[in-house]
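Below, each chain spelled out in residue letters.
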Amino acid sequence: MLSSEHRILRETVRDFVKREVEPQAAEFDREEKFNLPLFRKLGPLGLLGITVSDEYGGAGMDPFAAVLVHEELSASDPGFALAYLAHSMLCVNNISVNASPAQKARWLPKLCSGEWVGAMAMSEPHVGTDVMGMKTASVRDGKNYHLTGRKMWITNGTVDEERTPADLVLVYARTSGGAAGERSRISTFIVERGMPGFAVGQKIQDKAGMRASNTAELVFDRCLVPEANRVGQEGDSMLHMMRNLELERLTLAAMSLGIARRCLEVMLQYSGERVAFGQPLRDFGQIQRYIGDSYAEFRAIRSYIYDTARKLDLTKEGNRLDSDGVKLVASTTAKNIADRAIQVLGGYGYVGEYRVERLWRDAKLLEIGGGTIEAHQKNITRDLARNPGAIEAE
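Residues numbered from 1 in each chain as written. Predicted model: local features only at pLDDT ≥ 70, side-chain atom pairs only at ≥ 80, totals over all residues. Heavy atoms only, no water.

Quick look at the overall build of the chain
Convention followed: Every helix listed is a DSSP run of H or I at least four residues long, and every strand listed is a run of E at least two residues long, numbered separately from the N terminus. Each radius of gyration is computed over the set of C-alpha atoms, and the globule rule expresses the reference value as 2.2 Å times the number of residues to the power 0.38. The buried label applies to any residue whose accessible area, calculated with a 1.4 Å probe on protein chains only, is under 20% of its type's maximum; exposed applies above 50%, and partly exposed to all values in between. Areas reported as accessible are Shrake-Rupley estimates using a 1.4 Å probe. Residue values count occlusion only from the protein chains shown. For this count, His and the chain ends are skipped, Lys and Arg are scored as positive, and Asp and Glu as negative. Where a charge lies is defined by one atom per residue type: Lys uses NZ, Arg uses CZ, Asp uses CG and Glu uses CD.
In terms of helices and strands, the chain carries 10 helices and 10 strands. Over its C-alpha trace the chain gives a radius of gyration of 21 Å, about what one expects of a compact globule, namely 21 Å for 394 residues. Taken over the C-alpha atoms alone, the chain extends approximately 80 × 50 × 40 Å along its principal axes. Counting every position in the chain, which comprises 394 residues, the buried fraction comes to 56%. If you sum the accessible surface of the chain, you get close to 16700 Å²; carbon and sulfur atoms cover 51% of it. Here the chain contributes 50 positively and 52 negatively charged side chains, and the mean placements of these two sets differ by 2 Å.

The structure is reproduced here in structure tokens:
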């Protein structure tokens, strides 16, 4: 059951989605563009700093609130929701949890208001799941660092078609003195637009889905970063990553939930309106199977996601088992439900009018981004081997 605060939040976001997000979703997907003016409108609603203390301009809400926002946005425009997630979860929440009070005061108000757009840069051209193999390096030079390397697949890496970088990017890099893959030597830096040596290499085009979010390659060519822009101590990045990955995977699962819900709604409505052989489609057994299975699976993943959200503590790591679990099951469930929706709609499902083909394309990324389903399977197996009692945990 939702609290009154969560119910008001859901109604607020749902109304915003109906008025502002839904009318533009197909156009920005088709054009492969990020709707920056629409994104900025999330600021006054308190959504861009949903988990950040009001001391720094945020809404001060919990992981369950973050889940509700991602579910509602994704039920209409998953690409736009992904840009929101990259900003509010990967960047803003990360700073909120891991940065110093002075750093929070310096950057969070602009990020929470929508004045600035944030991103996080971890993956590289030849490094995905194996994040500890990253090659981007930082070399200390007095009170500064020089960052050199490339980051790839960075959501919000560019905010327009002119390769304008995000205002602020949270960058993970090896610290001078540690070998590639040495866990203790990965450090976290805040790179701001305009810093010498920081540029967008390219905007990634022709994506299968999530086309309403911009994806970019970022280039660091001896990028000059002040020591004051390092988050925590040298070598703290593993802690930063683990604290934030759990919320990231939970909200990615919430995006899958939104996709699944919308596809279920569309196939139910269409199957009642479309008549074949003198009766509505939903009177046929095979269509009933698609709808019935989809409903049961949707309710199952919603229960798992909501339960995990209520238990998650933003200030601690250690809930990887279920944050991986919800993303593992929800991402594939959403893809399957979207596929069934296309099957129920037939030719109409294969074109853009009923939206399910776009949701189907968007759903696939959620089996890859933020951790592949294979990585989740590996993590879950390892965690259960260490703690078999977790199977029966309440």
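Brief notes about the nonpolar core
We apply this condition: For our purposes a nonpolar core is just a set of buried Ala, Val, Leu, Ile, Met, Phe, Trp, Tyr and Cys residues, chained together by side-chain atoms within 4.5 Å. Any pair of residues with heavy atoms lying within 4.5 Å of one another is described as a contacting pair.
Ile-50, Leu-73, Ile-95, Leu-111 and Ile-305 are the most contacted members of the largest nonpolar core, which totals 95 residues. Not counting residues within four places of it along the chain, the set of residues in contact with Leu-111 comprises Leu-48, His-87, Cys-91, Val-92, Ile-95, Trp-116, Val-117, Gly-118 and Leu-168. Core analysis: the second largest hydrophobic core is formed by 19 residues, Leu-147, Val-169, Ala-216 and Phe-220 among them.

Remarks on the pattern of salt bridges
Note the following rule: Note on definitions: salt bridges are taken to be side-chain nitrogens of Lys or Arg within 4 Å of carboxyl oxygens of Asp or Glu.
Counted by the stated rule, this structure contains 32 salt bridges. One salt bridge in this structure joins Glu-217 and Arg-150, with 2.8 Å as the shortest N-O distance. With a gap of 67 residues between them, Glu-217 in strand β7 (residues 215–226) and Arg-150 in strand β3 (residues 144–155) connect regions that are remote in the sequence. The buried category is assigned to Glu-217, whose relative accessible area is 7%. Three or more residues are tied together by salt bridges with common partners; here these are Arg-10, Arg-14, Glu-71, Glu-72, Arg-261 and Glu-265.

Let's talk about the environment of Arg-30
Assignment of secondary structure puts Arg-30 in helix α1 (residues 4–31). Note on Arg-30: relative accessible area 55%, which makes it exposed. For Arg-30 and Arg-243, which are 213 residues apart along the polypeptide, the C-alpha to C-alpha distance reads 35 Å.

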